[in-house]
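Results of the structural survey
Here is what each chain is made of, one letter per residue.
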Amino acid sequence: MSKFLNLRITLISFFVFMAVNTFAQNSNPKKKVKKVYCKCAIQGIPRAKGFSMSYEYRPSYSIKTTDNTFITKPITNNTIKNNGRIEFKLKIPIINKPYLSIIGGFKYNKEEYKFKDFNTGNPLYKSLEDRNLRSIGGSITVLKPTRSNKFWILRLNANLNGDYNNSTISKTNYLKFSISPALAWRKSDDLSYAIGLSYAYNFGRPVLFPTFAINYNLNDHWSLESILPIFIKMRYGINENFYWYNSLEVDGASYRLNNTEPSLAKYQNLHLHRSEIKLTSSIEKQITGWLWGGLEIGGAHNLSYNLTNSATQRSDIIYKNTIGDGFICRVSIFLIPPKRFYQRIIE
């Protein structure tokens, strides 16, 4: 009996000890410090597009061409009846963690030109008439938050640009790549900015230039978004499903050409370089569920449009062109994931 009593006392003592010890631990816990990483987006940023398809149309505008293949450099005037561009984009989150986000992208772009008179004797018009200039490639965007108010951004793009259907030229000759690293600071829920470098073709040729980006909410509706010197954009949020944009942008590209014009056969490294400034106004609105639509109108002012026998824009110019200002109309449809999806990606 005494042994049984001793056992009961021992068990009771043990449970009392455990209860006191547990209470003490709960009262003075050694909490594990949770790692809190910087958010990379300010509040009010529209949800990211998962998939988009757009068509841009530019009606009649002038072109004046200086032919550098002759000593006298004759000038030809013509009209581009229309210029059409169709584009598909897809973005997919690859890694989505508080400490690291990686987003993959795919892009396909095709544009073509139709001239009022391409039988003027100038091979440039004849070679570009109905010729599909394509750009197909991928991108990687890396966001690396720190445990302060800073985060790193890295964007990489690689595209095959040119008329490479059934081309005898190696596909690597069409490869164009760009890279943009930056360091950003999130100062508040309404302000973030970044400084960095960019190696890209926005000016029609590969150029390395410094960049400064800012996202700033002026009030509950108006916001400023820019990456200088590439673009500056004002956004008016009517609500989270309806936005109005006004933007000024420098846009450009470089295409490797596998030209079939006999008069250009002696040139083995043909490139078409274009760059322009676009001033546009656009609206984006939810149609239903994931489906959104957009309409953009504005104008374009040409900076350069040259055919060269080199990968650079300013050397070995064969045809130097002056393009007249033109009207832009762009319609698009796109898919935007639900808000819960987007919150996981940006946070």
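Now for a description of the structure that goes with this document. (Residues numbered from 1 in each chain as written. Predicted model: local features only at pLDDT ≥ 70, side-chain atom pairs only at ≥ 80, totals over all residues. Heavy atoms only, no water.)

1. Some remarks on the packing of aromatic side chains
- For the coordinates displayed, the defined rule picks out 13 aromatic pairs.
- Plain terms: the ring middles of Phe-115 and Tyr-125 are 5.0 Å apart, the flat faces sit at 35° to each other, and that makes the pair tilted. Separated by 10 residues along the polypeptide, Phe-115 in strand β3 (residues 100–115) and Tyr-125 in helix α2 (residues 123–128) bring together distant segments of the chain.
- Of the residues examined, Tyr-125 reaches a relative accessible area of 0% and is grouped as buried.
- Ring geometry for Phe-177 against Tyr-199: centres 5.5 Å apart, planes inclined by 35°, an arrangement best described as tilted. With Phe-177 in strand β6 (residues 175–188) and Tyr-199 in strand β7 (residues 191–200), this residue pair connects regions lying 22 residues apart in the sequence.
- By way of ring pairs, the aromatic residues Tyr-243, Tyr-245, Trp-292 and Phe-334 are connected into one cluster.
- If you follow Lys-49 out to its NZ or CZ, it ends over the ring of Phe-334, 4.8 Å from the centre.
- Positioned above the aromatic ring of Phe-242 is the side chain of Lys-285, whose terminal nitrogen or guanidinium carbon lies 5.6 Å from the ring centre. (Phe/Tyr/Trp six-rings, centres within 6.5 Å; stacked < 30°, edge-to-face > 60°. Helix = DSSP H or I, 4+ residues; strand = E, 2+ residues; numbered from the N terminus. Buried < 20%, exposed > 50% of the residue type's maximum accessible area, 1.4 Å probe, protein only. Lys NZ or Arg CZ within 6 Å of the ring centre and 35° of its normal.)

2. Considerations on the nonpolar core
- Counting residues in each nonpolar core, the largest one holds 21 residues, and the members touching the most others are Ile-80, Tyr-113, Phe-115, Leu-257, Leu-270, Leu-272 and Leu-307.
- Listing elements by their share of this core, those giving two or more residues are β1 (51–67), β3, α2, β11 (242–256), β13 (291–308) and β14 (317–323).
- Setting aside its immediate chain neighbours within four residues, Leu-307 contacts Leu-124, Leu-257, Leu-264, Leu-270, His-271, Leu-272, Asp-316, Ile-317, Ile-318, Tyr-319 and Asn-321. (Core = buried A, V, L, I, M, F, W, Y, C linked by side-chain atoms within 4.5 Å. Contact = heavy atoms within 4.5 Å.)

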